[in-house]
Amino acid sequence: MGILEKIADIEQEMARTQKNKATEYHLGLLKAKLAKYRTMLLEPTTKAGPKGPGFDVVRSGDARVALIGFPSVGKSTFLSKVTGTTSEVAAYEFTTLTCIPGKIYHNGAAIQLLDLPGIIEGASQGKGRGRQVIAVAKTADLILMMLDATKGPRQRELLEIELEAVGIRINSSKPNIYFKVKKGGGISFNATCKLTYLNEKLVQQILQTYKIHNAEVLIREDHTVDDFLDVVLGNRKYIRCVYCYNKIDQISLEEVDKLSREPYTVAISCESDLNMDYIIEFLWKNLDLIRVYTKRRGEYPDFEGGLIVKSGTSVLDVCRNIHKSLVEEFSYALLWGTSTKHSPQRVGLNHIVDDEDVIQIVKKR
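Residues numbered from 1 in each chain as written. Predicted model: local features only at pLDDT ≥ 70, side-chain atom pairs only at ≥ 80, totals over all residues. Heavy atoms only, no water.

Description of the overall build of the chain
Stage number 1. Secondary structure summary: the chain contains 11 helices and 15 strands in total.
Stage number 2. Expressed as a percentage of the 365 residues in the chain, the buried residues total 44%.
Stage number 3. For the chain, the computed accessible surface area is about 20100 Å², with 49% contributed by carbon and sulfur atoms. (Helix = DSSP H or I, 4+ residues; strand = E, 2+ residues; numbered from the N terminus. Buried < 20%, exposed > 50% of the residue type's maximum accessible area, 1.4 Å probe, protein only. Areas by Shrake-Rupley, 256 points an atom, 1.4 Å probe, with all protein chains shown as cover.)

Here it is as structure tokens:
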């Protein structure tokens, strides 16, 4: 029996099993086996086959956005509109057969946008080059899921299932679970809160499925079995996802209003140029990028060539961004902006900067 058949059997057994307190333990073990087989499915085989055209694109710019969706939802049209990059556009499916990169320039930042081929149901199992497409999506800072506004919610559910199957967790944070494999001492299990889904026996059985017999587990929040499996496997990617509904010029205003009110969602029309400026600003906000301007002593700030960094960046990271040797020569920094109590304020390496702060670094004498 192959891996795909084993996965199908486990999924059928899970569908047949009623969900209640008595079956929680059994379902937890089934989920552990399912996650194990899916991981094995994603691992490259040892058989050397003929190499096709690669999907690898050199990372450039300040952030990377992966454009994914089913065929013929308007991904190539969107890329052409916002980046000026020519991507083949046609009325038939699978027009794009490889990864086409483009650049969005906004607020002084260069955002790399990757137009990936349309994925189909079963992509996580390798159908339609789905594995390569989703593997590139794993390298992105943000996933832009292109959807057809004229179709139902099923398209979004199918894409989320495919991303979930390959270890991409969208719009969620890493579980607050401490897990460390040890050389001896058995399994140490502790929890700082009341657990609804997990218990010591279930955790031990799940770890035995992965042949882990010595480990330390500390659960700080009421997490599910799936959350614990994500921590054990350790190969999950937590990525922000923006849902973009295209072709809103073909639906009613009431439907547009309903779609726009959903979280992480924006509605556009590439053909009619509706909301095209708004989606760029929306992407900027969800990428959590900020601008920091540098200033030399006795000169005006350089508002043309600011640094683009992630939100939550410290003065230490800013120094490393300018030059790695600057940290060793650092004495203090003068800062103007919203992150200070007064301007200028003398700060150290651990100070967190805000958007549009101005920094002047003073070196040791």
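Overview of the pairing of strand S2 (residues 100-106)
Stage number 1. Judged by which residues are buried, S2 turns out to be one-sided: Ile-100, Gly-102, Ile-104 and His-106 face inward and are buried, whereas Pro-101, Lys-103 and Tyr-105, on the alternate face, are not.
Stage number 2. Alignment of S2 against strand S3 (residues 109-115), held across seven bridges, turns out to be antiparallel. Across the sheet, the residue bridging to Pro-101 is Leu-114, located in S3.
Stage number 3. Connecting S2 to the next strand, S3, in antiparallel fashion are two residues, including Asn-107 with a positive phi near 55 degrees. (Pairing = 2+ DSSP bridges.)

Considerations on the environment of Thr-265
Stage number 1. With respect to the secondary-structure elements, Thr-265 resides in strand S10 (residues 265-267).
Stage number 2. The spacing of Thr-265 and Ile-279 is 14 residues in sequence and 9.5 Å in space, taken between C-alpha atoms.
Stage number 3. Setting aside residues no more than four positions away along its own chain, Thr-265 makes contact with Arg-156, Tyr-243, Tyr-245, Leu-259, Ser-260 and Phe-282.
Stage number 4. A distance of 3.4 Å separates the side chain of Thr-265 from the backbone oxygen of Glu-262, its partner in a polar contact.
Stage number 5. A polar side-chain atom of Thr-265 sits 2.9 Å from the main-chain carbonyl oxygen of Pro-263. (Contact = heavy atoms within 4.5 Å. Polar contact = N/O pair within 3.5 Å; in protein donor to acceptor, adjacent residues only side chain to side chain.)

What to know about the state of the cysteines
Stage number 1. Enumeration over the complete set of coordinates arrives at zero disulfides.
Stage number 2. Cys-244 supplies the cysteine sulfur nearest to Cys-270, a cysteine that is in no disulfide, at a spacing of 6.6 Å. (Disulfide = S-S within 2.5 Å.)

A few points about the pairing of strand S9 (residues 237-246)
Stage number 1. In terms of burial, S9 is largely enclosed, as seven of its 10 residues are buried.
Stage number 2. Pairing of strand S5 (residues 168-170) with S9 involves three bridges; the strand directions are parallel. Looking at S9, one finds that Ile-168 is bridged to Lys-237.
Stage number 3. With three bridges joining them, S9 and S10 adopt parallel strand pairing. Looking at S10, one finds that Tyr-243 is bridged to Thr-265.

A closer look at the packing of helix H3 (residues 75-83) against helix H9 (residues 276-286)
Stage number 1. Axis separation between H3 and H9 bottoms out at 11 Å; the angle between their running directions is 85 degrees. If you check the angle between H3 and H9, you find them roughly perpendicular. Judged by residue contacts, Phe-78, Lys-81 and Val-82 of H3 engage Met-276, Ile-279 and Ile-280 from H9.
Stage number 2. Here the contact of H3 with H9 is composed, by residue class, of five nonpolar, no polar and one charged. (Axes fitted to C-alpha atoms, helices over the stretch in contact; angles between N-to-C directions. Parallel < 35°, antiparallel > 145°, perpendicular 65-115°, else oblique. Nonpolar A, V, L, I, M, F, W, Y, C, P; charged D, E, K, R; others polar.)

Structural notes on the confidence of the model for the chain
Stage number 1. For the chain, the mean per-residue pLDDT works out to 84, and 88% of the residues sit at or above 70.
Stage number 2. Per-residue pLDDT, averaged within each element of the chain, yields its smallest value for helix H4 (residues 130-138) (73) and its largest for S10 (94).
Stage number 3. Confidence drops under a pLDDT of 50 for residues 90-96, and excluding neighbours within four residues, the segment shows 14 contacts in the predicted structure. (pLDDT = per-residue confidence, 0-100.)

Thoughts on the packing of aromatic side chains
Two numbers describe a pair of aromatic rings. These are the distance of the centres and the angle of the planes.
Stage number 1. Here the structure, examined in full by the defined rule, presents three aromatic pairs.
Stage number 2. Between Tyr-293 and Phe-303, the aromatic rings sit 5.0 Å apart at their centres with planes inclined by 75 degrees, giving edge-to-face as the arrangement. With a gap of 10 residues between them, Tyr-293 in strand S11 (residues 289-294) and Phe-303 in the loop between S11 and strand S12 (307-310) connect regions that are remote in the sequence.
Stage number 3. The ring of Tyr-243 has Arg-156 sitting right over it, with the charged end atom 3.5 Å from the ring centre. (Phe/Tyr/Trp six-rings, centres within 6.5 Å; stacked < 30°, edge-to-face > 60°. Lys NZ or Arg CZ within 6 Å of the ring centre and 35° of its normal.)

Looking at the nonpolar core
Soluble globular proteins: nonpolar side chains tend toward being buried together.
Stage number 1. By size, the foremost hydrophobic cluster in this structure holds 59 residues, and its most contacted members are Phe-78, Ile-143, Leu-144, Ile-168, Ile-268 and Ile-279.
Stage number 2. Among residues more than four places away in sequence, those in contact with Ile-268 are Phe-78, Met-146, Cys-244, Tyr-245, Asn-246, Lys-247, Ile-248, Leu-274, Asn-275, Met-276 and Ile-279.
Stage number 3. The next biggest cluster of nonpolar side chains, apart from the first, holds 24 residues, and it includes Phe-179, Leu-198, Val-217 and Leu-229. (Core = buried A, V, L, I, M, F, W, Y, C linked by side-chain atoms within 4.5 Å.)

Description of the sheet that holds S12
Stage number 1. A sheet is described by the order of its strands in space; here five strands give the open sequence S12-S11-S15-S13-S14, paired in mixed fashion. Either end of the sheet is taken by a strand with one partner, and the two such strands are S12 and strand S14 (345-347). Ignoring which end each strand starts from, the neighbouring axes of this sheet average 35 degrees apart.
Stage number 2. Sheet topology note: the strand S13 (residues 330-336)/S14 ladder contains three bridges and is antiparallel. Its bridge partner lying in S14, Leu-335 is registered against Gln-345.
Stage number 3. Where helix H10 (residues 315-322) meets the sheet, it contacts S11, S12, S13, S14 and strand S15 (357-363), and its direction lies at approximately 135 degrees from that of S12.

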